[in-house]
Amino acid sequence: MTGRIHSFQSLGTVDGPGVRFVVFLQGCNLRCKCCHNPDTWKVNDGKEYTPEQVLEKVLRFREYFGENGGITLSGGEPLLQPEFAYELFSLCKEERINTCLDTSGSLLNPSVEKLLSVVDYVLLDIKYTNDISYNENAGCSLSSALDFLELLEEKNIKTTLRQVIIPTLNDTEENILKLKEIALSHKCVVKTELLPFKKICQSKYDNMGIDFPLKDTDEPSRAKMEYLNSFLK
C-alpha cells in the first residue's frame, strides 16, 4: 500500500484544530479557478510513500500537537486516495493522534465512507452556494458537497465549513446568508470560515506554463471580509 504525496508541512496552524502535521496528497478531480496548488493536479506526479513511512514523520512532531492537534490530509483532493488515507489514519488512531480531512467533498463511494470511520474532524470547502457557479468555477455540483455534508451529519463528525471569497463570484450578502443557512441546518458544523482569495499562486501557473483564470481578479479588501463575516455572527 502506497500513496502519492506532493509535500509535507510539519507545523501547520490553519489546517484544523491546534498544531498539525499536514500531508498534501497528489491528484485532484476538480479544476477550481482559484486553485492555489495546480502542481497537485496530476494524479501520477508526486512521490510514493507507505502509511508507515508517513506515520514515522508524524510521530517526530507529536510533542507539538497538544490536546487538539494532530494530522491533516489535504491536497489536491485526498478522497482520490481513500484506501491509503484509511490505512494512514488507522495507524494514527492506534497512536491516539487526532485525524483531520481537508476536502471538497466532491467524491462519495464505499471507500470514502470507510475512510470517514477513522476521521475525527473535517474541513469542508463549500465553494459556492449555487450549482451554476459551482459548475462554471470548480467543475462539480453543489449537491456533491451537500451530500458529503449530510454523511458527516449522519456520522456526527465535527466539521468546519470553509469558503474562499472571490470578488465578483461569491462576495455577496446573499451567498454568505445561504452558507450560514447550510451551517445552521447541520449540527456537525462547529465553525464557518471565510478565506480571502489570494494571488500568491501566480508564479506556480507561470512556471507550469498555464493560464491562471483569475489573474485579473482583485483580492478582497479587509473591510469587505469584515463586512461579509458580520453576517455569520
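To be clear, the structure that these remarks concern was listed above.
If you're wondering where the values come from, they're calculated on a predicted model, not measured in any experiment. Residue indices begin from 1 for each chain and proceed along its sequence in written order. At least 70 in pLDDT is required for a residue's local features to be given in this predicted model, at least 80 for side-chain atom pairs to be given and counted, and no such filter applies to totals for whole chains, interfaces and linings, which use all residues. Calculation of side-chain values draws on the structure's entire complement of heavy atoms; hydrogens and water are dropped beforehand.

Participant: In this structure, what is going on with the overall build of the protein chain? I would like to understand it.
Facilitator: A run of H or I in DSSP counts as a helix once it spans at least four residues, and a run of E counts as a strand once it spans at least two, with each numbered from the N terminus. From N to C terminus, the protein chain includes 8 helices and 8 strands. All radius of gyration figures rest on C-alpha atoms, and the globule criterion is 2.2 Å times the number of residues raised to 0.38. On C-alpha atoms alone, the protein chain measures out to a radius of gyration of 17 Å, which is about the 17 Å that the 2.2 N^0.38 rule sets for 233 residues. When the backbone C-alpha atoms are referred to their principal axes, the protein chain occupies close to 45 × 45 × 35 Å. Throughout, exposure labels follow a simple rule: accessible area from a 1.4 Å probe, protein chains only, divided by the maximum for the residue type, with under 20% read as buried, over 50% as exposed, and the rest as partly exposed. The burial tally for the protein chain puts 48% of its 233 residues in the buried class. Every accessible area reported is derived by Shrake-Rupley at a probe size of 1.4 Å, with residue values counting cover from the shown protein chains alone. Total accessible area computed for the protein chain in this model is approximately 11400 Å², and 47% of it derives from carbon and sulfur atoms. Charge assignment: positive for Lys and Arg, negative for Asp and Glu; neither His nor the chain ends contribute. For charged residues, the charge sits on one atom: NZ in Lys, CZ in Arg, CG in Asp, CD in Glu. Averaged over its 27 positive side-chain charges, the protein chain has a centre that lies 3 Å from the centre of its 34 negative ones.

Participant: In this structure, what is going on with the packing of aromatic side chains? I would like to understand it.
Facilitator: Aromatic ring pairs are described here by two measures, namely the spacing of the ring centres and the angle between the planes. Within 6.5 Å between ring centres, the rings of Phe, Tyr and Trp (the latter by its six-membered ring) count as paired, and their orientation is classed by plane angle as stacked under 30 degrees, edge-to-face over 60, tilted in between. According to the stated counting rule, one finds 9 aromatic pairs in the structure shown. Where Phe 61 meets Tyr 64, the ring centres are 6.4 Å apart and the plane angle is 40°; that geometry is what we call tilted. Taking relative accessible area as the criterion, Tyr 64 reaches 45% and is therefore assigned partly exposed. With centroids separated by 5.8 Å and ring planes inclined at 80°, the aromatic side chains of Tyr 128 and Tyr 134 adopt a geometry described as edge-to-face. Residue classification places Tyr 134 among the buried positions, given a relative accessible area of 1%. Ring pairing ties together the aromatic residues Phe 8, Phe 21, Tyr 49, Phe 61 and Tyr 64, which thus form one cluster. Above the plane of the ring of Phe 8 lies Lys 57, whose end atom (NZ or CZ) is 5.1 Å from the centre. The rule for a charge over a ring is simple: NZ of Lys or CZ of Arg within 6 Å of the ring centre, and within 35 degrees of the ring normal.

Participant: Which parts of the structure should I look at to understand the sheet that holds strand S3 (residues 47–49)?
Facilitator: To summarise the sheet geometry, strands pair through backbone hydrogen bonds and adopt either a parallel or an antiparallel arrangement. By definition, two strands form a pair when at least two bridges between them are found by DSSP. Ordered by their spatial adjacency, 8 strands build an open sheet running S3-S1-S2-S4-S5-S6-S7-S8, and the pairing between neighbours is mixed. In this open sheet, the two edge strands, each paired with only one partner strand, are S3 and strand S8 (189–196). Each strand axis lies, on average, 30° off the axis of its neighbour in the sheet, ignoring direction. With 4 bridges joining them, strand S4 (residues 70–74) and strand S5 (residues 98–103) adopt parallel strand pairing. Pairing of Thr 72 across the sheet is with Cys 100, part of S5. This element, helix H1 (residues 51–59), spans strand S1 (3–12), strand S2 (20–25), S3 and S4 of the sheet and lies at about 90° to S3. Should any heavy atoms of two residues lie within 4.5 Å, those residues are counted as being in contact. Axes here mean lines fitted to C-alpha atoms, for a helix over just the part in contact, with angles spanning 0 to 180 degrees between N-to-C directions. Along the sheet, helix H2 (residues 82–94) makes contact with S1, S2, S3, S4 and S5, crossing S4 at roughly 175°.

Participant: Would you take a moment to explain the environment of Ser 141 for this structure?
Facilitator: If you trace the backbone, Ser 141 turns up in the loop between helix H4 (131–137) and helix H5 (142–155). Under the relative-accessibility criterion, Ser 141 is labelled buried at 17%. Taking C-alpha positions, Ser 141 is 19 Å from Gly 27, a pair spaced 114 residues apart along the chain. Discounting chain neighbours no more than four positions away, the residues touching Ser 141 are Asp 131, Tyr 134 and Asn 135. By the criterion applied in these results, polar contacts are pairs of N or O atoms within 3.5 Å in which, for protein atoms, one can donate a hydrogen and the other can accept it, and in which residues neighboring in sequence qualify only through two side-chain atoms. Separated by 2.8 Å, the side chains of Ser 141 and Ser 143 make a polar contact. For Ser 141, the side chain forms a polar contact with the side chain of Ser 144, separated by 3.2 Å.

Participant: Honestly, the nonpolar core in this entry has me stumped. Any pointers?
Facilitator: A general trend in soluble globular proteins is that nonpolar side chains are found buried together. Residues belong to a common nonpolar core when they are buried Ala, Val, Leu, Ile, Met, Phe, Trp, Tyr or Cys residues joined through side-chain atoms within 4.5 Å. Ranked by size, the top nonpolar core spans 63 residues in total, and within it Leu 101, Ile 126, Phe 148, Leu 152 and Leu 161 carry the most contacts. Ignoring anything within four residues of it in the chain, the contact list for Leu 152 reads Leu 116, Val 122, Leu 124, Ile 157, Thr 159 and Cys 188.

Participant: Is there a simple way to explain the pattern of salt bridges in this structure?
Facilitator: Opposite charge on two side chains permits them to pair, given that their charged atoms come into close proximity. Basic side-chain nitrogens of Lys or Arg form a salt bridge, by our definition, when they fall within 4 Å of a carboxyl oxygen of Asp or Glu. Under the definition given, this model contains 10 salt bridges. Notably, a salt bridge pairs Glu 48 with Arg 4, separated by 3.2 Å at the nearest N-O pair. Separated by 44 residues along the polypeptide, Glu 48 in strand S3 and Arg 4 in strand S1 bring together distant segments of the chain. Across the pair Asp 211 and Lys 215 runs a salt bridge, and its minimum N-O distance is 2.8 Å. Judged by its relative accessible area of 37%, Lys 215 falls in the partly exposed class.

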